[in-house]
Amino acid sequence: IAKVFAVGRDQPKPSGPAPAALPLPRAVLPTRPDHIARAALTPAEIFKKVERSVFVVYATPSEADMRTRNIMFGSAVAVADHFLLTNCHVVVDRPVIRIVRGDDARVASIVAGDLQADRCILKSEGAPLPAIAGVRAFKDLSVGERVFAIGTPIGFDRTLTQGLISGLRNYGGRNLVQTDAPLSPGNSGGGLFDERGDLRGLEIGVESAAVRGVLGRVEVKRRPATGERDLRNHVLHRRREARRIGG
């Protein structure tokens, strides 16, 4: 960990707008990647195609916090030459950020975010990133499709899991992709891909098994009206009602 944060240590300390003052992602990102693939791939081919676009994220409030291991880790997906998409809960209020893939560690900073959507944009330093080619629209998905998640569960970087789209939901104006693909802490901000290697959404790490799978995947392009806590409460309430009715 110390080696990761040693990268860029001689640079000026990071600063930027307060979370509430961040511009929305669409104000910063270039045109959404639209090179949609047509041919289905094997799991091995999908991983080979997209894994280089998925990074581990380490974020901490300060170097002092880093030394006491007050560090959040998650994942991020490169969507343009110098921009990555991740969950805000991984990086907000933690301005000392590094993105890592293999031996490649870089400084990154938050440049945009939609806190209600839990969707933030990181900007990286250095050479251009290997960005994904295509983002598939929610309206084109179908229940029963195979999907593949790549993230950093429990600290194991670039881990591939697979599952099915179990449901397509809309809650509070937010499009949700329900899936049975396994999730663990650290997956937050990783990519959910279809069987052609197109990005379908971001993974959300969840705190309770009661909501795992329902909060598992959120569409990349969305305009939510409520926060993640409201959705968790909604799902937990539905679970309690199901237990009561079922005895």
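Note that the structure is a prediction, hence the values are computed from the model and not measured.

K.L.:
Which residues make up the overall build of the protein chain, and what values go with them?
P.N.:
On a plain count of helices and strands, the protein chain comes out with five helices and twelve strands. Here the protein chain holds 247 residues, and 47% of them are scored as buried. Of the accessible surface of the protein chain, which amounts to about 11,900 Å², a share of 52% is contributed by carbon and sulfur atoms.

K.L.:
Let's hear about the packing of aromatic side chains: which residues, and what values?
P.N.:
In total, this model carries one aromatic pair according to the counting rule given. For the pair Phe-5 and Tyr-58, a centre-to-centre distance of 6.5 Å together with 75 degrees between the ring planes defines the contact as edge-to-face. Pair noted here: Phe-5 is in helix H1 (residues 2-6) and Tyr-58 is in strand S1 (residues 54-60), with a separation of 53 residues, a long-range link. Each member of the pair, Phe-5 as well as Tyr-58, is classed as buried.

K.L.:
Let's hear about the nonpolar core: which residues, and what values?
P.N.:
Generally speaking, a soluble globular protein has its nonpolar side chains buried in company with each other. Val-57, Leu-84, Val-91, Ile-97, Ile-99, Ile-110 and Leu-122 are the most contacted members of the largest nonpolar core, which totals 18 residues. Put simply, the parts of the chain that give this core at least two residues each are S1, strand S2 (72-80), helix H4 (88-91), strand S4 (96-101), strand S5 (104-114) and strand S6 (119-124). Ignoring sequence-local partners within four residues, the contact set of Val-57 consists of Met-72, Phe-73, Gly-74, Ser-75, Ala-76, Val-90, Val-91, Ile-97, Arg-98, Ile-99 and Leu-122. Among the nonpolar cores identified, the runner-up in size contains 17 residues, and Val-79, Phe-83, Val-135 and Phe-193 belong to it.

K.L.:
Summarise the confidence of the model for the protein chain; cite the residues concerned and give the values.
P.N.:
Residues at a pLDDT of 70 or more form 79% of the protein chain, whose mean pLDDT is 80. In this model, residues 207-228 is a region of pLDDT below 50 whose contacts with residues beyond four sequence positions or in other chains number 79 contacts. Scored below 50 in pLDDT, residues 234-247 shows eight contacts in the model against residues more than four places distant or in partner chains.

K.L.:
Any chance you could break down the sheet that holds strand S3 (residues 83-86) for me, citing the residues and the numbers?
P.N.:
An order of S1-S2-S3-S6-S5-S4 is seen for the six strands of this closed barrel, with the pairing classed as antiparallel. Strand-to-strand twist across the sheet, computed as the mean angle between neighbouring axes with direction ignored, equals 40 degrees. Relative to S4, S1 runs antiparallel, the two sharing five bridges. What sits directly across from Thr-60, in S4, is Val-96.

Conventions used here
Residues numbered from 1 in each chain as written. Predicted model: local features only at pLDDT ≥ 70, side-chain atom pairs only at ≥ 80, totals over all residues. Heavy atoms only, no water. Helix = DSSP H or I, 4+ residues; strand = E, 2+ residues; numbered from the N terminus. Buried < 20%, exposed > 50% of the residue type's maximum accessible area, 1.4 Å probe, protein only. Areas by Shrake-Rupley, 256 points an atom, 1.4 Å probe, with all protein chains shown as cover. Phe/Tyr/Trp six-rings, centres within 6.5 Å; stacked < 30°, edge-to-face > 60°. Core = buried A, V, L, I, M, F, W, Y, C linked by side-chain atoms within 4.5 Å. Contact = heavy atoms within 4.5 Å. pLDDT = per-residue confidence, 0-100. Pairing = 2+ DSSP bridges. Axes fitted to C-alpha atoms, helices over the stretch in contact; angles between N-to-C directions.

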